[in-house]
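# Observations on the model geometry
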Amino acid sequence: QVQLVESGGGLVQAGGPLRLSCAASGSTFNINTMGWYRQAPKKQRELVATITSGGSTVYADSVKGRFTISRDNAKDTVYLQMNSLKSEDTGVYYCYARRSTGWGASRDYWGQGTQVTVSS
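Overview of the structure. (Residues numbered from 1 in each chain as written. Predicted model: local features only at pLDDT ≥ 70, side-chain atom pairs only at ≥ 80, totals over all residues. Heavy atoms only, no water.)

### A look at the overall build of the protein
- For the protein, the count of helices and strands is zero helices and eleven strands.
- Counting from the amino terminus, the protein carries its helices and strands in the arrangement β-β-β-β-β-β-β-β-β-β-β.
- The globule rule puts the C-alpha radius of gyration for 120 residues at 14 Å, and the 14 Å found for the protein is close to it.
- Considering only C-alpha atoms, the protein reaches an extent of 50 × 25 × 25 Å along its principal axes. (Helix = DSSP H or I, 4+ residues; strand = E, 2+ residues; numbered from the N terminus. Rg over C-alpha atoms; globule rule 2.2 N^0.38 Å.)

### Observations concerning the state of the cysteines
- Here the structure, examined in full by the defined rule, presents one disulfide.
- What pairs with Cys 22 in a disulfide is Cys 95, and their sulfur atoms sit 2.0 Å apart. Across the S-S bond linking Cys 22 and Cys 95, the dihedral sits near -85°, which makes this disulfide left-handed. Of this pair, Cys 22 sits in strand 3 (residues 18-26) while Cys 95 is found in strand 9 (residues 91-102), placing the two residues 73 residues apart along the sequence. For the pair Cys 22 and Cys 95, a shared accessibility class is recorded, and that class is buried. (Disulfide = S-S within 2.5 Å. Buried < 20%, exposed > 50% of the residue type's maximum accessible area, 1.4 Å probe, protein only.)

### Description of the nonpolar core
- Residues Leu 4, Trp 36, Leu 80, Met 82 and Tyr 93 are the most contacted members of the largest nonpolar core, which totals 27 residues.
- Elements with a contribution of two residues or more to this core: strand 1 (2-7), strand 3, strand 4 (31-39), strand 5 (46-51), strand 7 (67-72), strand 8 (77-82), strand 9 and strand 11 (114-119).
- Sequence-distant contacts of Tyr 93, defined by excluding residues within four places in its chain, comprise Glu 6, Leu 20, Trp 36, Tyr 37, Arg 38, Val 48, Phe 67, Leu 80, Met 82, Gly 113, Thr 114 and Val 116. (Core = buried A, V, L, I, M, F, W, Y, C linked by side-chain atoms within 4.5 Å. Contact = heavy atoms within 4.5 Å.)

### What about the pairing of strand 5?
- In the sheet, strand 4 pairs with strand 5 via five bridges, with the strands oriented antiparallel. Residue pairing across strands places Met 34 opposite Ile 51, the latter belonging to strand 5.
- Hairpin connection, strand 4 to strand 5: the antiparallel pair is bridged by six residues, and Lys 42 has positive phi, about 65°.
- Judged from the three bridges that link them, strand 5 and strand 6 (residues 57-59) form a sheet pairing that is antiparallel. Bridging from a neighbouring strand, Thr 50 pairs with Val 58 of strand 6.
- Linkage of strand 5 to strand 6, two consecutive antiparallel strands, is achieved through a turn of five residues, within which Gly 55 is found at a positive phi near 100°. (Pairing = 2+ DSSP bridges.)

### With respect to the sheet that holds strand 7
- Pairing is antiparallel in the open sheet, where four strands are placed in the order 1-3-8-7. Bordering the open sheet on either side are strand 1 and strand 7, each of which pairs with just one other strand. The mean angle between the axes of side-by-side strands here comes to 15°, regardless of whether they run parallel or antiparallel.
- One ladder, built from six bridges, connects strand 1 with strand 3; its direction is antiparallel. Looking at the pairing, Val 2 lines up with Gly 26 of strand 3. (Axes fitted to C-alpha atoms, helices over the stretch in contact; angles between N-to-C directions.)

### Quick look at the environment of Lys 75
- As for its placement among the helices and strands, Lys 75 is situated in the loop between strand 7 and strand 8.
- Judged by its relative accessible area of 56%, Lys 75 falls in the exposed class.
- Taking the C-alpha atoms as reference points, Lys 75 and Ala 24, 51 residues apart in sequence, are found 8.1 Å from one another.

Set out below in structure tokens:
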């Protein structure tokens, strides 16, 4: 099992920065991809950014150039630096981890979510 604990959410004014952190614990070996998803009210959960253990990143088009994902493999922690925040970035941000379980299989884990509210 892998436990993911997010921190860093809160209320911020439009245009401001915010940094999210997510620490993984438990059976963290073989975690390949970590990242962030978000869910706005009455909308589906959507990808924000992911990063592999090798440092390859994927970003949603809506956050490219504003958000930066990074990872400390030694600490099993992933970060999301969010700059130039917009009201449409408001939502619950969920940490995500994918762990290889062998034989080509994997298992996904989710954090409990942290609220990010951007006021205009």
